[in-house]
Structure formats: structure tokens, C-alpha cells
Amino acid sequence: MKKFVQIAFLLIGGALGLVFLPPLYELLHLSSNPWLDNPYVSVALGALLLFTLSFAFSDYFVKLISWMEEVLFKVPVGDLLFGTLGLIIGLIVAYFLGFAIDSVQIPVITEVLPIILSFVLGYLGFRLGFRKRDELIQLFTLRSNNTKKKATEGAEISEVRGSYKLLDTSVIIDGRIADISETGFIEGILVVPQFVLTELQHIADSSDTLKRTRGRRGLDILRKLQDERKTKVEITDEDFEDVQEVDLKLVRLAKKMGNDTQIVTNDFNLNKVCELHHVKVLNINDLANAVKPVVIPGEDMQVVVIKDGKEHNQGVAYLDDGTMIVVEGGRNYIGQAITVTVTSVLQTSAGRMIFAKPKDD
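Residues numbered from 1 in each chain as written. Predicted model: local features only at pLDDT ≥ 70, side-chain atom pairs only at ≥ 80, totals over all residues. Heavy atoms only, no water.

**Structural notes on a nonpolar patch on the surface**
Here is the rule: Patch building starts from residues that exceed 30% relative accessible area and form no salt bridge, then joins like charges within 9 Å and nonpolar side chains (Val, Leu, Ile, Met, Phe, Trp, Tyr) within 5 Å. Surface exposure here means Shrake-Rupley accessible area, sampled with a 1.4 Å probe, where a residue is shielded only by the protein chains that are shown. Salt bridge, as used here: a side-chain nitrogen of Lys or Arg that lies within 4 Å of a carboxyl oxygen of Asp or Glu. Only DSSP runs of H or I covering at least 4 residues are called helices, and only runs of E covering at least 2 are called strands; the numbering of each starts at the N terminus.
Together, Met1, Leu49, Leu53, Phe57, Tyr60, Phe61, Leu64, Ile65, Trp67, Met68 and Val71 make up an exposed nonpolar region whose accessible area comes to about 1100 Å². Take Tyr60: it is sitting in helix H2 (residues 39–74).

See the structure below:
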């Protein structure tokens, strides 16, 4: 690269010498000298001068080029493509505006303003194309889908496009997605991104026994989904190298795939992030809570108090489905089966909590 920079300096120096040295000779009254007033000598002097300077500045240019190369490699191809298209459109607009400015015939404006417009509109076009990439993709995708719908009467394509379900790592490890899918309550195509598979593999290779078991269970669940599910399970290589967090990658992928794409999870925090980004989400915990038996305040139930609660004189019991019951005044009944009366029920995406008190009270 250093040699390439020095050769570039040599060529640029020759071109600059050919353009600027003859007027300099006239300014210094040296144009009468036949040795100097020669295009070959001007090219040689300019090339020699810049080639000499290249030894002092080539290292800085090499570092600059390496930095730009590293930055460009990190930028996703889609961002770079749409940014370049925006730059080209901005330069085309500046070129046509230059024709209008030339007709004004004002010396300073006609020479300087087109250059300024090229820089400004080119930069604005690149930034617009870079920042609006997702919206442009959705616009073209929407138009393409509308055309296909008209050609095929619109029914089947709309159904397939709106049936993508993105699986995150937690819901795969949880395993209930396989049982729910087998019953037919989840329709459409299940999509597993490659970065989710990579995270599962890291968990399965962990030195911690519990994590390793959870990771291998997740891989087994994926195999079960592929073998037993009637509709297909797709694995996509789409990735976002500028984002490190798997949750944010899922959100961006859901946006890119379309407004009807849903993320399937049981992660409470991912559920909130999806709501902030206006991405549709299916929470397995919400489904599990919805199918639990309805508990009404005032209803009696038989429970076994197993431990202390967080507050004074509280006891904690659990139902068969894992629902926690906080028994006011239940500390004295630890280890005993008692009848309690439900006082209130707290329902969240994280689970259900029942508050009760001993019936004797």
C-alpha cells in the first residue's frame, strides 16, 4: 500500500506540474528559459517534488487508507449500496442545477457555486440513502408484494408474508415452543437466525454444566421442530455486524422482514424492547398464563406453605403449574396443608401471583 501511495503521488505531481508550473514561470519571468518552459520538464519537476514529499507523508496516508478500509468493511453492504445510490442521485441533481447557474453568467457564482452544490447535495444524498435504507427496502418490498398479489389474486402470498415467526434463544431453550407448535396453535414459518444458533452453540460449549445442558436442550428442540413440524423451519444467514446484542438484531431483522413478522419469546425484557420498537411479539409466558385456571378473589383453595415470604409474617406456597401464592399470616403454617381464601390476583407478562389469607382468619 505504501508503494501504491508513492506511485499515486508521482502521477499526481506530474499532472500538477504540467498545469501549474508554466504560469509560475511566467510570474517569475522564467518562461524565456527553454529548459524550464518545456512540458516534459514541468511534468518531471512536479512528479519529483511530490514523490519526494511522499516519503514524509506516505505513512499517514497509509494509516488513513487502512482506517477507511476498516470502517467500510464494518458497514453492512445494504447501507453502503443505498448510501452510494443517494450520493449518485445528489451529484446528478447538482449537475443539472449547475446548468441553471451557468445561464446567470455571474463570474464568481458560476465557478464556485456548482462545486459547493456538488459537495452539499452529494453528502445529503449519501446520508439520506444510508439512514433511510430500511424504509426504502420496505417501500420496494411493499410494491413488489402488491404486484404479486394482483398477479396471483393476492390470497396466498399475503398469507405467507404475514406468517413469519422469529424465535429467540430463550424460547428455544425453554422448549415449550415445540409442544405448542405440535398442537397447531402457531401458524406460519418459524425462522431461526444464524446469530441465534451461534449463541446456542456458545451456551452448549460452555464450561458450566447447567449452561451446557440448557444449550444442548435448545439444539435438541430445534431438531424436534424440524423433524415433527408440518410446515418448514427456516434458518436465515441475515446478520447485522454493527450490532452486538442478539435482542437488537432480532428487532432489526423483524423490521426488515416486514410489519407482519412476529418475534416469539419468553424474555420479559425483549418483550418490552419490541413494544418500544413497535414490533409484534408473541410471549410464551402470556400464553401460559392465559390457559391457567381462572382464580377469582374469594375462592378457596388447598395449598401447602413451604417457606417464608419477603414481608413480615408472610408464607409462600405454589400451585402445580408453578404459580406463586403469597399467604398473609402464613408463616405459622410452614410445612402444613391449609385452606386459603384468595384476596387478589396480580397478572403480568413475567407470571401470575396470587395473594391469599388462611380461611380460619
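The discussion continues.
**Here we look at the environment of Val196**
Our working definition: Classification of residues uses two cut-offs on accessible area relative to the type maximum, computed with a 1.4 Å probe and protein chains only: under 20% is buried, over 50% is exposed, and between them is partly exposed. Contact between two residues is taken to exist if any of their heavy atoms lie within 4.5 Å; hydrogens are not considered.
Inspection of the secondary structure assignment puts Val196 in helix H9 (residues 194–204). Since its relative accessible area comes to 0%, Val196 is described here as buried. It is 6.5 Å that separates the C-alpha atoms of Val196 and Asp168, two residues lying 28 residues apart in sequence. Contact partners of Val196, with chain neighbours within four places excluded, come to Leu167, Asp168, Thr169, Ile172, Val246 and Leu250.

**Some details on helix H12 (residues 268–276)**
Think of an α-helix as 3.6 residues a turn; residues three or four steps apart then line up on the same face. Note the threshold: This arc is built from the directions going out from the helix axis to the C-beta atoms.
Considered for burial, the residues of H12 that qualify are Leu270, Asn271 and Cys274. An end-on view of H12 places all buried positions within 105° of arc, on one side of the element. Of the residues in H12, the exposed ones pointing more than 90 degrees away from the buried face are Asn269 and Leu276. Elements in contact with the buried residues of H12: helix H11 (246–257), strand E4 (262–265), strand E5 (280–283) and helix H13 (284–290).

**Regarding the pattern of salt bridges**
Tallied over the full model, the rule gives 8 salt bridges. One salt bridge in this structure joins Arg176 and Asp174, with 2.6 Å as the shortest N-O distance. The residue Asp179 makes a salt bridge to Lys224 at a minimum N-O spacing of 3.6 Å. Remark: Lys224 occurs in helix H10 (residues 209–228) and Asp179 occurs in helix H8 (residues 176–183); sequence separation between them is 45 residues. Judged by relative accessible area, which is 29%, Lys224 ranks as partly exposed.

**Here we look at the packing of H9 against H11**
As a reminder of what qualifies: Only the contacting stretch of a helix is used when fitting its axis, a line to C-alpha atoms as for every element, and angles between N-to-C directions run 0 to 180 degrees. Just so you know how the angles are binned, under 35 degrees is roughly parallel, over 145 roughly antiparallel, 65 to 115 roughly perpendicular, and the rest oblique. Crossing handedness: left-handed means the near helix sits turned counterclockwise from the far one by under a right angle, and right-handed means the same turn made clockwise. Three classes are used, and their members are as follows: Ala, Val, Leu, Ile, Met, Phe, Trp, Tyr, Cys and Pro are nonpolar, Asp, Glu, Lys and Arg are charged, and the others, Gly among them, are polar.
Put simply, H9 and H11 touch, their axes get as near as 10 Å, and they point 160° apart. Judged by the inter-axis angle, H9 sits roughly antiparallel to H11. Crossing angle aside, the handedness with which H9 passes H11 is left-handed. From H9, Phe195, Val196 and Glu199 reach across to H11, where they touch Val246, Lys249, Leu250 and Leu253. Counted by class, the contact of H9 with H11 contains 5 nonpolar, no polar and 2 charged residues.

**A look at the confidence of the model for the protein**
For clarity, the threshold we go by: Values of pLDDT, which run from 0 to 100, indicate the predictor's confidence residue by residue.
Averaged over the protein, the pLDDT score is 79; the fraction of residues at 70 or greater is 86%. Summarising per-element confidence for the protein, the mean pLDDT is lowest in helix H6 (residues 155–161) (43) and highest in strand E8 (residues 314–318) (91). The low-confidence segment residues 153–162 (pLDDT under 50) makes 11 contacts with residues lying over four places distant or belonging to another chain.

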